[in-house]
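Take a look at the letters that make up each chain.
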Amino acid sequence: MIIRRCSQGHRIRLHKNTTPGVTRTKTYKDGTVETLTYPTSGYDYFVEVDGSVVRRSDSFKNIEEYYTDECDKKHSNSHGRLIIGKHHLINGVATLQSEYPTDSNTKDEIKDFYDTRGISYSNSETKAELLSRIVPMYQNNVVVSRHLSKG
């Protein structure tokens, strides 16, 4: 089970080892195929980089720190360890409030935000329709947070 995915689109993932020894294959709409064999060891967690298991651990803290180190190798703006109240997890991708698209973003930037987080949309949707899924929370007429609508 994927717990976290790289927010920049690299294939760096932190998994819970729910099915030791099982091989999983996923085929995407574009025909890309990914295969991953879960470690047979009794470790609770593992990190996968580009399809290979690179680290295993029973400690979530240790494995998450290793995961963030791997993200740092690919890009300089990783989120670090997940902090409740600071990050939202959207399909396994840590997301800060400042990363949610607003009216100032282009349609392509909004689509990239959705693509990175595995959120489906129609190519025919307008910028306004794409933005309508993001619900602002107000306090004294000021936006204090955003989240994705469930509908």
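Bear in mind that the values here come from a model prediction, so they are computed numbers and not experimental data.

J.: Please explain the overall build of the protein chain as it appears in this structure.
T.: For the protein chain, the helix and strand inventory stands at 3 helices and 10 strands. In sequence order, the protein chain lays out its α and β elements as β-β-β-β-β-β-α-β-β-α-α-β-β. Viewed in the frame of its principal axes, the protein chain has a C-alpha envelope of about 50 × 35 × 30 Å. Taking all 151 residues of the protein chain together, 32% fall into the buried category. Total accessible area on the protein chain stands at roughly 9000 Å², and carbon and sulfur atoms take up 47% of it. Here the protein chain holds 22 positive side-chain charges and 19 negative ones, and the gap between their average locations is 3 Å.

J.: Hey, could you run me through unusual backbone geometry in this one?
T.: Note on backbone geometry: most residues besides glycine have negative phi, and most peptide bonds are trans. The phi dihedral of Asp-50 falls on the positive side, at around 50°, and the residue is not glycine. Within the secondary structure layout, Asp-50 lies in the loop between strand E5 (45-49) and strand E6 (52-57). What makes Asp-50 partly exposed here is its relative accessible area of 49%.

J.: Looking at this model, I keep getting lost on the environment of Pro-101. Mind explaining?
T.: Within the secondary structure layout, Pro-101 lies in the loop between strand E8 (93-95) and helix H2 (107-116). Between the alpha carbons of Pro-101 and Asp-112 there is a distance of 9.9 Å; along the sequence they are 11 residues apart. Discounting residues that sit within four places of it in the chain, Pro-101 has contacts with Ile-110, Phe-113, Leu-131, Ile-134 and Arg-146.

J.: Just checking my understanding: could you explain the sheet that holds E6 for this structure?
T.: Pairing between sheet strands relies on hydrogen bonds along the backbone, with the strands arranged either parallel or antiparallel. Pairing is antiparallel in the open sheet, where 4 strands are placed in the order E1-E2-E5-E6. Strands with a single pairing partner mark the edges of an open sheet, and in this sheet they are strand E1 (2-5) and E6. Each neighbouring strand pair of the sheet contributes to a mean axis angle of 20°, computed without reference to strand direction. Sheet topology places E1 next to strand E2 (residues 12-16); 3 bridges connect them, and they run antiparallel. What sits directly across from Ile-2, in E2, is His-15. Along the sheet, helix H1 (residues 60-74) contacts E1, E2, E5 and E6; its crossing angle with E2, the most-contacted strand, is approximately 165°.

J.: Before we go on, may I ask you to explain the pattern of salt bridges in this structure?
T.: Where charged atoms from two side chains of opposite charge approach closely, those side chains can pair. Under the counting rule described, the total for this entry stands at 10 salt bridges. A salt bridge links Arg-11 to Glu-34, with the shortest nitrogen-to-oxygen separation between them at 3.9 Å. Here Arg-11, found in the loop between E1 and E2, pairs with Glu-34, found in strand E4 (residues 33-37); they are 23 residues apart in sequence, far enough to count as distant. The same class applies to Arg-11 and to Glu-34, which are both buried. Within the structure, one salt-bridge network assembled from shared partners comprises Arg-11, Arg-13, Glu-34 and Glu-48.

J.: How do you make sense of the packing of aromatic side chains when you look at a structure like this?
T.: The way to describe two aromatic rings as a pair is by their centre distance and the angle between their planes. Applying the stated criterion across every chain yields a total of 5 aromatic pairs. For the pair Tyr-114 and Tyr-121, a centre-to-centre distance of 6.1 Å together with 40° between the ring planes defines the contact as tilted. Taken together, Tyr-100, Phe-113, Tyr-114 and Tyr-121 form an aromatic cluster joined through their ring pairs. Residue placement shows Lys-16 over the ring face of Tyr-45; its charged tip is 4.9 Å from the ring centre.

Each value, and the rule that gives it
- Residues numbered from 1 in each chain as written.
- Predicted model: local features only at pLDDT ≥ 70, side-chain atom pairs only at ≥ 80, totals over all residues.
- Heavy atoms only, no water.
- Helix = DSSP H or I, 4+ residues; strand = E, 2+ residues; numbered from the N terminus.
- Buried < 20%, exposed > 50% of the residue type's maximum accessible area, 1.4 Å probe, protein only.
- Areas by Shrake-Rupley, 256 points an atom, 1.4 Å probe, with all protein chains shown as cover.
- Lys, Arg positive; Asp, Glu negative; His and termini not counted.
- Charge placed at Lys NZ, Arg CZ, Asp CG, Glu CD.
- Contact = heavy atoms within 4.5 Å.
- Pairing = 2+ DSSP bridges.
- Axes fitted to C-alpha atoms, helices over the stretch in contact; angles between N-to-C directions.
- Salt bridge = Lys/Arg side-chain N within 4 Å of Asp/Glu carboxyl O.
- Phe/Tyr/Trp six-rings, centres within 6.5 Å; stacked < 30°, edge-to-face > 60°.
- Lys NZ or Arg CZ within 6 Å of the ring centre and 35° of its normal.

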